[in-house]
There are 2 protein chains.
Amino acid sequence: MNTPTLSLRHNHFLNGGATATSTILLPRSTSSPFRVRMSLQETGPSVSIVGITGAVGQEFLSVLSDRNFPYRSLKLLASKRSAGKSMKFENRDYTIEELTEDSFEGIDIALFSAGGSISKKFGPLAAQKGTIVVDNSSAFRMDENIPLVIPEVNPEAMAHVKLGSGKGALIANPNCSTIICLMAVTPLHRRAKVKRMVVRTYQAASGAGAAAMEELVLEGKEPTCNIFNQQYAFNLFSHNAPVQPNGYNEEEMKLVKETRKIWNDMDVKVTATCIRVPVMRAHAESVNLQFENPVDEDTARDILKNAPGVVVVNDRASNRFPTPLEVSHKDDVAVGRVRRDVSQDGDYGLDIFVCGDQIRKGAALNAIQIAEMLL
Amino acid sequence: MNTPTLSLRHNHFLNGGATATSTILLPRSTSSPFRVRMSLQETGPSVSIVGITGAVGQEFLSVLSDRNFPYRSLKLLASKRSAGKSMKFENRDYTIEELTEDSFEGIDIALFSAGGSISKKFGPLAAQKGTIVVDNSSAFRMDENIPLVIPEVNPEAMAHVKLGSGKGALIANPNCSTIICLMAVTPLHRRAKVKRMVVRTYQAASGAGAAAMEELVLEGKEPTCNIFNQQYAFNLFSHNAPVQPNGYNEEEMKLVKETRKIWNDMDVKVTATCIRVPVMRAHAESVNLQFENPVDEDTARDILKNAPGVVVVNDRASNRFPTPLEVSHKDDVAVGRVRRDVSQDGDYGLDIFVCGDQIRKGAALNAIQIAEMLL
């Protein structure tokens, strides 16, 4: 197992932080995230990662390795501060390069996760040079000319983007909360058409980066308020995204707007409340659904059991349902608490509870699945 | 300040557990919970507390003292295991007595918080002997002959119960989640009539007792699963109450059924999802409301500002809204995120976020307010 030299500290938190000492209680991926490939690829696209030192940047490597993503070459980009540092990945040595306007010469696919302003500056530049950019920031998500894609949900939105055509493109990765929500809800929406959806999130520290995960662990330390404006440990609070004039914060409005765009359904009604909870790296979401057409709860569970990228955890007798800890480092989104909503008539309403790894399916995995669709 | 000898360990957790070392970050009640009264009462009812060693039992003392509740005598009851232990309260020494069938001779008011089976056995016995029992368990809540009371919401339900009449009675304290929810929602309900309510809870450890609060704090320890069947630290999970055949757990159905009884409105539609989060002693609840009649968000905020026992924390510019930590040890329920629901037409929908101390207004304070109404 080859661990990138840079990521030791990050990985401590990404792998569960204070709970990482427990091997029984903390489910971990059984595959090594940095195993050695049988043979280095001679074919496949040239790939670059923008923002390699961040939590999602590191997870890109993990996912590329786990999925044996074919690449001809790999370029690791970061800010000037990290440039020149070396790291090992899949038994090769890499030197982190500074992101500049010339970074994308000869790059087929660039995976961006370095914040919206970097994406806005360098994303279009890369696309002009023929690179297909998969961008994890919010910079382009609501641009009507740029596809916003969850591969299991709306692959058709990027059908016009072709690798090897010489034409670059921008593709946006949805926000983590949207991806996790729609992975579970879309299969039901296809069956019974969602009319209205009330989403409440229980969001992990990871969405605010490694420093937020660190701020959550006390282990005898005094609580700090460096990342958030209030104590995080043993507390929870309304998501720190700025609040808009309508009283919703930006995180909530992403769920409202991105759902409409991804489903290509401007009529669907969505309300959301996004709450930051003291959990490490997986989000939970409680979703109340009102449908146009009836769908009973047994049918709903069957639909979810057969949905790609979804696993149903719904053991009522032993009271086991999805938890953030159990989906951490997992690819699949877990759904449970599937039941007929007692506040609605007949089979027109369901209540479900969803958990998904925020860094993996909520960010890095979804982006790399988009890249895989280009191959 | 006189701290009861028995409660030192409990109080460590009740006062914030691992975070108690921070004076800046952890808001604390400014009044000492165990201050010495100016003079000991000569009049007032004889009071007994059943379950004095539990978290709520201890909070009863704190609230009696804070509110200067008049009592002629105080009897502290617990199981055989704790009988004989001594504790100091308001500068007097008490010996804990074993709860028996004879415990209620001459007792005017008994505050019960020792679990449903103790209440079922001893509550009716006490009432027969002329004691007015305020019961914090779920034993009698749905009994149609027993009032279920939040003093700010439905004081009329206990109008027939009279202290000094010689007639005993049972009065039920609602479940903590119901109290906290209805403290915020009832003032809006009175104005615009709630048609349907979608509640999602973020519930603290305290609802499962002091041992659950202890299980939440790692401080270098390995996670344990003594109280819950899965890791609690840095995790969250569906509430541990048994799941019923309809897929709802008992905690959720309490919100559904108790709301109907307290509002005396069998038509109100309620759905709930109850989640246990790694927070110490205050619950948060996200409540989506659909109304019969319009109520705009400015009016809603004004109504809430004027509601007894409610404080509005709704600072959009600095992103400060209610948190469990800030309401801990406080009497008032805090409401924020008050906004028009973008998924509903016109002014017929609101989204709000509520936090309340689970042990205080969710249990001990509400029970003692009920007792105060008898005076």
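Owing to the predicted nature of the structure, the values given are computational and were not obtained by experimental measurement.

How each quantity is defined
- Residues numbered from 1 in each chain as written.
- Chains lettered and ligands numbered in written order.
- Predicted model: local features only at pLDDT ≥ 70, side-chain atom pairs only at ≥ 80, totals over all residues.
- Heavy atoms only, no water.
- Pairing = 2+ DSSP bridges.
- Helix = DSSP H or I, 4+ residues; strand = E, 2+ residues; numbered from the N terminus.
- Contact = heavy atoms within 4.5 Å.
- Buried area = accessible area lost by both parts, 1.4 Å probe.
- Salt bridge = Lys/Arg side-chain N within 4 Å of Asp/Glu carboxyl O.
- Polar contact = N/O pair within 3.5 Å; in protein donor to acceptor, adjacent residues only side chain to side chain.
- UniProt positions renumbered as here; feature names shortened; annotations may be inferred.
- Least-squares fit on C-alpha atoms with pLDDT ≥ 70 in both.
- Core = buried A, V, L, I, M, F, W, Y, C linked by side-chain atoms within 4.5 Å.
- Buried < 20%, exposed > 50% of the residue type's maximum accessible area, 1.4 Å probe, protein only.

A. Fine view of the sheet that holds strand 1 (residues 46-50) of chain A. Here six strands make up an open sheet; going across it, the order is 5-2-1-6-7-8 (chain A) and the pairing parallel. Strand pairing shows two members of the sheet lacking a second neighbour, strand 5 (97-98) and strand 8 (169-172) of chain A, which therefore form its edges.

B. Main features of the sheet that holds strand 6 (residues 109-112) of chain B. Here we have six strands laid out as an open sheet, ordered 5-2-1-6-7-8 (chain B), and parallel in their pairing. Edge positions in the sheet fall to strand 5 (97-98) and strand 8 (169-172) of chain B, since each of these pairs with one other strand and no more.

C. Summary view of the interface of chain B and chain A. Between chain B and chain A, the contact holds 74 residues from the first and 73 residues from the second. Of the roughly 5900 Å² buried at the junction of chain B and chain A (both faces included), carbon and sulfur atoms supply 53%. Three residues, B:Tyr202, B:Phe234 and B:Leu236, lead the burial of chain B against chain A; their summed loss comes to 12% of the area buried on that side. Where chain B packs against chain A, one counts eight salt bridges. Note that B:Glu252 is salt-bridged to A:Arg337, the shortest N-O span being 2.6 Å. Taken together, the links from chain B to chain A amount to 43 residue pairs in polar contact (both at pLDDT 80 or more). At the level of elements, strand 9 (194-203), strand 10 (237-238), helix 6 (250-263), strand 11 (269-276), strand 12 (282-291), helix 8 (324-327), strand 14 (333-340) and strand 15 (349-357) of chain B are the ones that each hand at least two residues to the side of chain B that touches chain A. Element by element, the count of residues in the side of chain B that touches chain A is highest for strand 11 of chain B, at seven residues.

D. Geometry of the UniProt feature "domain: Semialdehyde dehydrogenase NAD-binding" (unreviewed entry) in chain A. Here the UniProt-annotated "domain: Semialdehyde dehydrogenase NAD-binding" (unreviewed entry) positions come out as residues 46-161 of chain A. Measuring from the first to the last C-alpha atom of residues 46-161 of chain A gives 17 Å, for a span that is 22% helix and 25% strand.

E. Here's a closer look at the relation of the copies chain B and chain A. Taken as rigid bodies, chain B and chain A are interconverted by a rotation of 180° and an axial shift of 0.0 Å, the fit giving an RMSD of 0.0 Å. Those values place the two copies in the arrangement expected of a two-fold rotation axis. Rotation axis and chain B: the residue whose C-alpha lies nearest the axis is B:Glu219, separated from it by 2.2 Å.

F. Just the nonpolar core, in detail. B:Met197 and B:Ile352 are the most contacted members of the largest nonpolar core, which totals 56 residues. Ranked by residue count, the leading element in this core is helix 4 (residues 176-192) of chain B, at nine residues. Formed by 55 residues, the second largest nonpolar core is a distinct cluster that contains A:Met253, A:Phe291, A:Ala300 and A:Leu304.

G. Representation of the UniProt feature "active site" (unreviewed entry) in chain A. Residues and elements named next belong to chain A. With numbering matched to this structure, UniProt assigns "active site" (unreviewed entry) to Cys176 and His283. Considering the C-alpha atoms alone, the annotated residues occupy 108 residues of sequence yet fold into one spot, their largest mutual distance being 8.4 Å. For Cys176, the position within the fold is in helix 4 (residues 176-192). The exposure class assigned to Cys176 is buried, which follows from its relative accessible area of 7%. When residues no more than four places from it in sequence are discounted, the contact partners of Cys176 are Glu251, His283, Glu285, Gln358 and Gly362. Assignment of secondary structure puts His283 in strand 12 (residues 282-291). If we ignore the near neighbours within four places in the chain, the residues touching His283 are Cys176, Ser177, Ile180, Tyr202, Gln203, Ala204, Val354, Cys355, Gly356 and Gln358. A polar contact of 3.4 Å, which involves the side chain of His283, links it to the side chain of Gln203.

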